[in-house]
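An overview of the molecular structure
Residues per chain, in single letters:
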Amino acid sequence: SASCTPLPRFPRSYLEHGRSTQAIHALLNALRCNPRDFQSLYHLGLLHELLHAPTIARHYYLQAIRLRPYDAQLRSAMGEAALACDDMQCAVECFLLAETLGDSEGGSSRRLGQLYRKAGEMEKAAYFDRRYLQKKKFVISDDDTYLPAIALCKYYKEKKQYREFRKICDALLAANDEVRAALCDCEK
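Below: a short report on this structure. This structure is a prediction, so every number in the text was calculated from the model and none was measured.

1. Points about the environment of leucine 83
Within the fold, leucine 83 resides in helix 5 (residues 72–84). Note: C-alpha distance between leucine 83 and arginine 111 (28 residues apart in sequence) is 9.8 Å. Other than its neighbours up to four places away in sequence, leucine 83 contacts Met88, Ala91, Phe95, Arg111 and Leu115.

2. A look at the nonpolar core
Grouped together as the largest cluster of nonpolar side chains are 29 residues, with contacts concentrated most on Leu44, Tyr61, Ala91, Phe95, Leu112, Leu115 and Tyr116. Where this core is concerned, the elements lending two or more residues are helix 2 (20–33), helix 3 (38–50), helix 4 (54–67), helix 5, helix 6 (88–100), helix 7 (107–118) and helix 8 (122–135). If one sorts the elements of this core by residue count, helix 5 sits on top with six residues. Other than its neighbours up to four places away in sequence, leucine 44 contacts Ile24, Leu27, Leu28, Leu31 and Tyr60. The next biggest cluster of nonpolar side chains, apart from the first, holds 13 residues, and it includes Ile140, Tyr156, Ile168 and Leu172.

Conventions adopted
- Residues numbered from 1 in each chain as written.
- Predicted model: local features only at pLDDT ≥ 70, side-chain atom pairs only at ≥ 80, totals over all residues.
- Heavy atoms only, no water.
- Helix = DSSP H or I, 4+ residues; strand = E, 2+ residues; numbered from the N terminus.
- Contact = heavy atoms within 4.5 Å.
- Core = buried A, V, L, I, M, F, W, Y, C linked by side-chain atoms within 4.5 Å.
- Buried < 20%, exposed > 50% of the residue type's maximum accessible area, 1.4 Å probe, protein only.

This is the structure we're talking about:
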């Protein structure tokens, strides 16, 4: 029987060396030591997501949520697993709850914008796209921020809300200026 040594953190070294089985065993051992270890449950869920086993991931996330029902990160992770299982209703509910619980990173806002846009609910999509960009302080730096900004531009233009349209365009142009400046620095 394995000794009951709690894990200090997620056993990344196992994953870095392609030893997911050992990572799972280490996490399960941590749970045998402390069945209320929500971090090990979360990491088991995350690991199973990485292994393309979203149903098992949902199982572990649900156990972690039972221990920490007001954790926005756990709710958002459950939403991602629900998406991977094509359970859109559960995903939306999880992301909405993560929003309510204070998801400061904005991942749930971004996902809600995507899901509402896909469902054709453009007003809700625009609300969450804007909410996401607010959390990112309207700094457009990657696809995660660029795509909602473009969607918002289209929405505001269609709604003839030109003042809001101009604000988002300015943020997009600022991002282009930063890229252009970085490229100029590389050419020197």
